[in-house]
Amino acid sequence: MKKDNERQEKFCADCEFSVPAPLSRDGDTFICRKKGMVSWDYRCHRFKYDILKRDPKHLPDLPQVERIDLDN
């Protein structure tokens, strides 16, 4: 369970009801099924989080390890 300080921000870009506007040059405009054309950071009370729109954090690179020959 998430703590209060780790809550997901409720932006239109992560909502189930929104899709990016196809003719938007900057990629900041979305089409919402409930509200129409909105900005990516628009917020409304009908927000429903869509896990598939999440941008996951990248994992750090693994450190290089030496290869050891165990046959000796």
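Bear in mind the structure is a predicted one, so any value in this text is a computation, not a measurement.

So, on to the overall build of the protein. A tally of regular secondary structure across the protein gives zero helices and three strands. For the protein, the α and β elements follow one another from N to C terminus as β-β-β. Residue burial in the protein is summarised as follows: out of 72 residues, 18% are buried. With an accessible surface of roughly 7,200 Å², the protein has 52% of that area assigned to carbon and sulfur atoms.

Okay, the nonpolar core next. Membership of the largest hydrophobic core is limited to seven residues, which are Cys-12, Cys-15, Phe-17, Phe-30, Cys-32, Val-38 and Phe-47. Sequence-distant contacts of Phe-47, defined by excluding residues within four places in its chain, comprise Glu-9, Lys-10, Phe-11, Asp-14 and Cys-15.

A separate point is the packing of aromatic side chains. Two descriptors summarise a pair of aromatic rings, namely the distance from one centre to the other and the angle between the planes of the rings. For the structure on display, the rule yields one aromatic pair. Seen from their ring centres, Phe-11 and Trp-40 are 5.2 Å apart, and the 65 degrees between their planes marks the pair as edge-to-face. Within this pair, whereas Phe-11 is found in the segment before strand 1 (18-20), its partner Trp-40 is found in the segment after strand 3 (36-39), the two being separated by 29 residues in sequence. On the accessibility criterion, Trp-40 (34% relative accessible area) is partly exposed. It is Lys-34 that lies over the ring of Phe-17; its NZ or CZ is 4.9 Å from the centre.

About the cut-offs
Position numbers for residues start from 1 in each chain and track the written sequence from start to end. Given that this is a predicted model, residues contribute local features only at a pLDDT of at least 70 and side-chain atom pairs are listed and counted only at 80 or more, while totals for whole chains, interfaces and linings are drawn from all residues. Hydrogen atoms and water are omitted, and side-chain values are computed over all heavy atoms in the structure. Only DSSP runs of H or I reaching four residues or more are called helices, and only runs of E reaching two or more are called strands; each is numbered from the N terminus. Each residue is placed in one exposure class: buried if its accessible area under a 1.4 Å probe, protein chains only, is under 20% of its type's maximum, exposed if it is over 50%, and partly exposed if it falls in between. To be clear on the numbers: accessible area is Shrake-Rupley with a 1.4 Å probe, and residue cover counts the displayed protein chains and nothing else. Buried residues of nine kinds, namely Ala, Val, Leu, Ile, Met, Phe, Trp, Tyr and Cys, make up a nonpolar core once their side-chain atoms join them within 4.5 Å. Contacts were defined at the residue level, with two residues in contact if any of their heavy atoms lie within 4.5 Å. Working definition: a ring pair exists when centres of Phe, Tyr or Trp rings (six-membered ring for Trp) sit within 6.5 Å. Plane angles under 30 degrees give stacked, over 60 give edge-to-face, the rest tilted. Remark: a charge is flagged as sitting over a ring if the NZ atom of Lys or the CZ atom of Arg is within 6 Å of the ring centre and within 35 degrees of the ring normal.

In short, geometric facts, not functional conclusions.
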